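Topology and contacts: notes
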Amino acid sequence: LPLGFQRTANRVWAMTGDQDIRPMFSIRAWKGATYAPSWGISLAMVPHLSGQTAKWHRTHKSAAFDIWEDAKPRHMDLSTLDSCDAISRAIPSVVAGSRLQAKAFWDSTRQLTDIPTALDRLLSQDPEWFSMRPQMRLADYVVSKRLGLYDRAETAWAAWSKLYDQAEVAAILEKLNR
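Below, the structure is looked at part by part. (Residues numbered from 1 in each chain as written. Predicted model: local features only at pLDDT ≥ 70, side-chain atom pairs only at ≥ 80, totals over all residues. Heavy atoms only, no water.)

**Observations concerning the overall build of the protein**
- Each helix and strand in the protein was counted, giving 6 helices and 8 strands.
- Counting helices and strands in the order they occur from the N terminus, the protein gives β-β-β-β-β-β-β-β-α-α-α-α-α-α.
- Relative to the compact-globule value of 16 Å for 178 residues, the protein shows a C-alpha radius of gyration of 17 Å, a close match.
- With respect to the three principal axes, the spread of C-alpha positions in the protein is 55 × 35 × 30 Å.
- Taking all contacts inside the protein whose residues are at least 6 apart in sequence as the whole, residues at least 24 apart take part in 53%. (Helix = DSSP H or I, 4+ residues; strand = E, 2+ residues; numbered from the N terminus. Rg over C-alpha atoms; globule rule 2.2 N^0.38 Å. Contact = heavy atoms within 4.5 Å.)

The structure is reproduced here in structure tokens:
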């Protein structure tokens, strides 16, 4: 990883320093004894919600993915069912490919104004995958509202809030507005 990243959890690294948009990288465990790289950003202004609890992630240690991308193509997956030799041979190309893709993603999300375009790109690549990521919808809402993109914010809010019980949404909003 580039200089400035520190490990925050098993297989997760985040850029250090005081940043509102924090690059992150991880090696995610998938079904089928497979691991694959993912990269993305943590946004200090977007809460993470768990039940009726809102948590902020404003430091590199508390960073959490708000917007992310999984490695493509799937040949970047590493299967623990493969031999050690096969995994060792695959690692250099996985590292090189993921570094290039991650850098391109981070370069495309440096400014708050870049984020709607990045989200649109992710949505256009795989609408079903995107719809299963409520944190991205919440990030879209918060960022769009901050940028004054109110129609977009309303659409993102509608997509996000329909995934939750409305009483739960009201309780979360109350806590966030305190």
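Right, picking up where we left off after that structure.
**Quick look at the packing of aromatic side chains**
- For the structure shown, the criterion picks out 6 aromatic pairs.
- With a centroid separation of 5.2 Å and 35° between ring planes, the pair formed by F5 and W106 is classed as tilted. One end of the pair, F5, is in strand β1 (residues 5-9); the other, W106, is in helix α1 (residues 84-107), with 101 residues separating them in the sequence. Each member of the pair, F5 as well as W106, carries the same accessibility label: buried.
- Both rings, one in F65 and one in W68, keep their centres 6.4 Å apart while their planes meet at 65°; by these two values the pair is edge-to-face.
- Clustering of aromatic rings is evident, with ring pairs tying together W13, F25 and W39. (Phe/Tyr/Trp six-rings, centres within 6.5 Å; stacked < 30°, edge-to-face > 60°. Buried < 20%, exposed > 50% of the residue type's maximum accessible area, 1.4 Å probe, protein only.)

**A word on unusual backbone geometry**
- A positive phi angle, near 65°, is found at R11, a position not held by glycine.
- Note on placement: R11 falls in the loop between β1 and β2 (12-15).
- The class for R11 is partly exposed, based on a relative accessible area of 34%.

**A word on helix α5 (residues 150-161)**
- The end-to-end C-alpha separation of α5 is 16 Å, in line with the 16 Å expected for 12 residues at 1.5 Å each.
- Burial in α5 covers these residues: A153, A156, A159, W160 and S161. (Expected span 1.5 Å × (residues − 1).)

**Remarks on the packing of helix α2 (residues 115-125) against helix α4 (residues 134-147)**
- Across the interface, α2 lies against α4 with an axial gap of 10 Å and an inter-helix angle of 150°. The orientation of α2 relative to α4 falls into the category roughly antiparallel. Classified by chirality, the crossing of α4 by α2 is left-handed. Contacts between α2 and α4 involve I115, P116, L119, L122 and L123 on the former and, on the latter, M136, R137, D140, V143 and L147.
- Tallied by class, residues from the contact of α2 with α4 come to 8 nonpolar, no polar and 2 charged. (Axes fitted to C-alpha atoms, helices over the stretch in contact; angles between N-to-C directions. Parallel < 35°, antiparallel > 145°, perpendicular 65-115°, else oblique. Left-handed = near helix turned anticlockwise from the far one by under 90°. Nonpolar A, V, L, I, M, F, W, Y, C, P; charged D, E, K, R; others polar.)

**Section: the packing of α4 against α5**
- Orientation of α4 relative to α5, taken along the N-to-C sense of each, is 155°, at an axis distance of 8 Å. Classified by the angle between their axes, α4 and α5 sit roughly antiparallel to one another. Crossing hand, α4 versus α5: left-handed. On α5, the residues touching P134, R137, L138, D140, Y141, S144 and K145 of α4 are Y150, R152, A153, A156, W157, A159 and W160.
- Class assignment for the residues of the contact of α4 with α5 results in 9 nonpolar, 1 polar and 4 charged.

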